[in-house]
Amino acid sequence: MDHFLYRDGALHAEDVPLSEIAKAVGTPFYAYSSATLLRHFHLFNDALAWSKPGHLVCFAMKSASNQAILKLLGDAGAGMDVVSGGEYARARAAGVPGDRIVFSGVGKTREEMQQALTGGIRQFNVESEPEMLVLSEVASAMGVTAPITVRVNPDVDAKTNEKIATGRKGDKFGIPISRASEVYAMAASLPGLKVIGIDVHIGSQLVDLEPFRLAYRKVGSLTEQLRSEGHEITRLDLGGGLGIPYERSNAAPPSPTEYGKLIEEEVGHLGCEIEIEPGRLISGNSGILVAQVIYVKEGEDRRFLILDAAMNDLIRPAMYGAHHDIVPLIEPAPGAEPATYDIVGPVCESGDTFAKGRTMPSVEAGGLVAFRSAGAYGAVMSSEYNTRPLIPEVLVQRDQFAVIRPRPTFDDIINRDTIPAWL
Ligand SMILES: *Cc1c(COP(=O)(O)O)cnc(C)c1O
């Protein structure tokens, strides 16, 4: 459920007509609904309320990292899952305390470790032995102790897009679960580290609970095994990955509530604090991208809808073959004839295609359209390819909206280049 609905014939974000935002900031732009972001966060938070030792929902901020979004969620009690020093700095700047930040990722550098140990960290999710050795060195040199979990790779096929499956043997993430015993023994022997738990994350956009069940069952047995080997396992970080319905016509994927139940069934008896790292399910349906039709071009055997948004603004269709529902801002009249388009951007690549042969309400040049479910992995993956300025982000709350990232001017962009004196 989201808060982008037609009202009086016009698509709104909460109580604001999107056409009003378009007038104020120009197109294209991203708009986020505060109510939807909070609703999804609370669904997850409530779904883990059964956990007596406590729980923390750490928003995977790589899915949407504007500080306004982080502050909104952080103020509601969310933690953050960060994967770089930049994300760590952003979360802190947005007011999220270090003890609610977990650091994931396969390639943490010494500098990033120092940054997090200085600023405060809930835990590092360590992904390899070399990383563990470096973290031990860095923490020891600073005279501090780094709380860690080890990310295990449970060898479970998440049955999702190849590029976002992360828990199969052969993926670059974590250590094989079969070697966990050795790796935890090594962690226990190293100075500067304190083992507190286990971490797992098997992939993104999972629309079936079964792979989660398999992975969490393995983590459950591993918890018992590691405890019997003398390790104190008090926290389980179960990752993110729950998917969203990109096509309205699709069956609804499992809800956070069902997901929370599954966690309770598989690992609830272990008495561990539960942590999860959802990204997409919190931010995905909370954002849309609004674009204007520049031209309707009649091709030889097809009709092109050429938009002012392009693959640099929303790369998911080009990168993952992802589907986004695209709807006009003006509600089509009942019984209006739909039209079929190839929907493309102005970038000079054929890959700059959002949809092929898409049947949708007919729109004209100058008309505005919205890409639904664009809040996750949208703005954060945008670039200035073709020297197209990063598009603005707008946050809506009830009847008010604010620009939370302005559109840069051409000068802002080109003045970042420096021309050497010898040219
Ligand atoms: C990407 C990622 C997530 C979030 O995944 P979603 O599919 O957006 O929920 C969580 N944890 C880790 C370690 C990740 O890499």
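Residues numbered from 1 in each chain as written. Predicted model: local features only at pLDDT ≥ 70, side-chain atom pairs only at ≥ 80, totals over all residues. Heavy atoms only, no water.

## Some words on the site of the ligand
Thinking step 1. The environment of the ligand is made up of 15 residues, and the closest members are Lys62, Ser204, Glu277, Arg280 and Tyr377.
Thinking step 2. Residue glycine 241 places a main-chain N or O atom 2.8 Å away from an oxygen atom belonging to the ligand.
Thinking step 3. Contact between the ligand and glutamate 277: a nitrogen atom at 2.6 Å from a side-chain N or O atom of the residue.
Thinking step 4. A total of 390 Å² of accessible area belongs to the ligand in isolation, and the protein chains cover 94% of it.
Thinking step 5. Here the shell around the ligand is built from residues that sort into 3 nonpolar, 7 polar and 5 charged. (Near = heavy atom within 4 Å. Polar contact = N/O pair within 3.5 Å; in protein donor to acceptor, adjacent residues only side chain to side chain. Areas by Shrake-Rupley, 256 points an atom, 1.4 Å probe, with all protein chains shown as cover. Nonpolar A, V, L, I, M, F, W, Y, C, P; charged D, E, K, R; others polar.)

## A look at unusual backbone geometry
Leaving glycine aside, a negative phi is the common case for residues, and trans is the common case for peptide bonds.
Thinking step 1. A cis amide bond links threonine 27 with the next residue in sequence, proline 28, at an omega value of -10°.
Thinking step 2. Turning to its location among the elements, proline 28 is positioned in the loop between α1 (18-25) and β4 (29-33).
Thinking step 3. The phi torsion at aspartate 155 lies on the positive side, around 55°, for a residue other than glycine.
Thinking step 4. Assessed through its relative accessible area of 40%, aspartate 155 is described here as partly exposed.
Thinking step 5. The phi angle at threonine 387 is positive, at roughly 45°, despite the residue not being glycine. (Helix = DSSP H or I, 4+ residues; strand = E, 2+ residues; numbered from the N terminus. Buried < 20%, exposed > 50% of the residue type's maximum accessible area, 1.4 Å probe, protein only.)

## Here's the deal with the domain arrangement of the chain
Thinking step 1. Split into domains, the chain comes out as domain 1 (4-32 + 285-414) and domain 2 (34-283).
Thinking step 2. Using only C-alpha atoms to locate each centre, domain 1 and domain 2 end up separated by 32 Å.
Thinking step 3. Our count for the domain 1 to domain 2 interface comes out at 0 salt bridges.
Thinking step 4. In this structure, the connection of domain 1 to domain 2 is made through 14 residue pairs in polar contact (both at pLDDT 80 or more).
Thinking step 5. Taken together, the elements giving at least two residues each to the side of domain 1 that touches domain 2 come down to α11 (316-320), β20 (393-397) and β21 (400-405).
Thinking step 6. The element contributing the most residues to the side of domain 1 that touches domain 2 is β20, with 4 residues.
Thinking step 7. Per-class residue counts for the side of domain 1 that touches domain 2 are 9 nonpolar, 9 polar and 6 charged. (Domains from an automatic or database assignment. Salt bridge = Lys/Arg side-chain N within 4 Å of Asp/Glu carboxyl O.)

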